[in-house]
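Secondary and tertiary structure notes
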Amino acid sequence: MPYKNLEEYNTKITEDIKERYKRIIEDLGEDTNRDGLLKTPERAAKAMQFLTQGYAQDPVEILTSAMFKESYNEMVIVKDIELYSLCEHHILPFFGKVHIAYIPNGYIVGLSKLPRIVDVFARRLQVQERLTEQILDCINDTLTPQGVAVVIEASHMCMMMRGVQKQNSITTTSGFRGQFEKIETRNEFLKLIGK
């Protein structure tokens, strides 16, 4: 069976972005008619739409589509969720891991939904601090659990490729609500994710 591309793009938007990328590449001094660059403006236009698809997705809808009444009331952790986003300051990637925990309060959520909401917020122009809060608040406001914790560890290409050019720095952000504001619950979470 031949390869089938499942990505779909708005033709008008793709064409508009493609023309802008073509001009940028030319302004940088390259020849967009060169063999290796012929399709680059279109590829870049599609890549940018893919990398920012979170604007068109509703994280609350994703969570509520898989909420289940359940009496379980201990900590639920999904750790080492892969994260890929674009820094809004330089439109360069940052990437790393997200660790999420919540303590149910009558409802649990399908486990795959937590990584999905990470992707929704990450697939926007972002800063790591806001991304942490958006994930945290979405889970807290939608599930209304006893508590929520989010920790993000990421490497930022804007610090690695340009600027200070520090290759081994990791940025860590965290947020806690409800029961996780208590030091013993927070410490249990941090121990379980290896921090």
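Cut-offs applied
- Residues numbered from 1 in each chain as written.
- Predicted model: local features only at pLDDT ≥ 70, side-chain atom pairs only at ≥ 80, totals over all residues.
- Heavy atoms only, no water.
- UniProt positions renumbered as here; feature names shortened; annotations may be inferred.
- 1 Å grid on protein atoms, 1.4 Å probe; cavity = no way out; pocket = protein on both sides within 12 Å on 5 of 7 lines; lining within 4 Å.
- Helix = DSSP H or I, 4+ residues; strand = E, 2+ residues; numbered from the N terminus.
- Points joined across faces, edges and corners; volume = space filled by probe spheres on them.
- Nonpolar A, V, L, I, M, F, W, Y, C, P; charged D, E, K, R; others polar.
- Domains from an automatic or database assignment.
- Contact = heavy atoms within 4.5 Å.
- Buried area = accessible area lost by both parts, 1.4 Å probe.
- Salt bridge = Lys/Arg side-chain N within 4 Å of Asp/Glu carboxyl O.

Per an unreviewed UniProt entry, the protein goes by the name GTP cyclohydrolase 1 and belongs to Jejuia pallidilutea. You can read under Catalytic activity (unreviewed entry) in the UniProt record for the protein the words "GTP + H2O = 7,8-dihydroneopterin 3'-triphosphate + formate + H(+)". Quoted verbatim from the Subunit (unreviewed entry) field of the UniProt record, the comment on the protein reads "Homopolymer."

1. Re the UniProt feature "binding site: Zn(2+)" (unreviewed entry) in the protein
UniProt records the feature "binding site: Zn(2+)" (unreviewed entry) at C87, H90 and C158, using the numbering of this structure. Separation in sequence by 72 residues is not matched in space for these annotated residues, since their most distant C-alpha atoms are only 7.7 Å apart. For the second largest pocket, the lining residues drawn from the annotated set are C87, H90 and C158. As for its placement among the helices and strands, H90 is situated in the loop between β2 (76-87) and β3 (93-103). Secondary-structure assignment places C158 in helix α6 (residues 157-160).

2. Notes on the UniProt feature "domain: GTP cyclohydrolase I" (unreviewed entry) in the protein
In the numbering used here, UniProt assigns the feature "domain: GTP cyclohydrolase I" (unreviewed entry) to residues 17-193. Secondary structure content for residues 17-193 is 39% helix and 28% strand, while the C-alpha to C-alpha distance between its ends is 41 Å.

3. Quick look at the layout of surface pockets
Of the voids in this model, the largest pocket is the one considered here, and its volume is about 180 Å³. Partitioning the lining of the largest pocket into residue classes produces 4 nonpolar, 4 polar and 2 charged. Computed from the structure, the second largest pocket encloses a volume of approximately 150 Å³. In this structure, the second largest pocket is lined by C87, H89, H90, F94, Q126, V127, Q128, E129, H156, C158, M159 and T171. When residues of the lining of the second largest pocket are traced back to their parent elements, those giving at least two are α5 (128-143) and α6. Looking at the lining of the second largest pocket residue by residue, the class counts come to 5 nonpolar, 6 polar and 1 charged.

4. Description of the domain arrangement of the protein
Note on interface size: it is often stated as the accessible area lost on association of the parts. For the protein, the assigned domains read domain 1 (11-53) and domain 2 (58-193). For domain 1 and domain 2, the distance between their C-alpha centroids amounts to 32 Å. In this complex, domain 1 contributes 5 residues to the contact, which on the side of domain 2 involves 5 residues. Summed over both sides, the interface of domain 1 with domain 2 buries roughly 430 Å², with 70% coming from carbon and sulfur. Contact with domain 2 buries surface across domain 1, with M48, L51 and T52 losing the most and accounting together for 75% of the total. Inspection of the region where domain 1 meets domain 2 yields 0 salt bridges.

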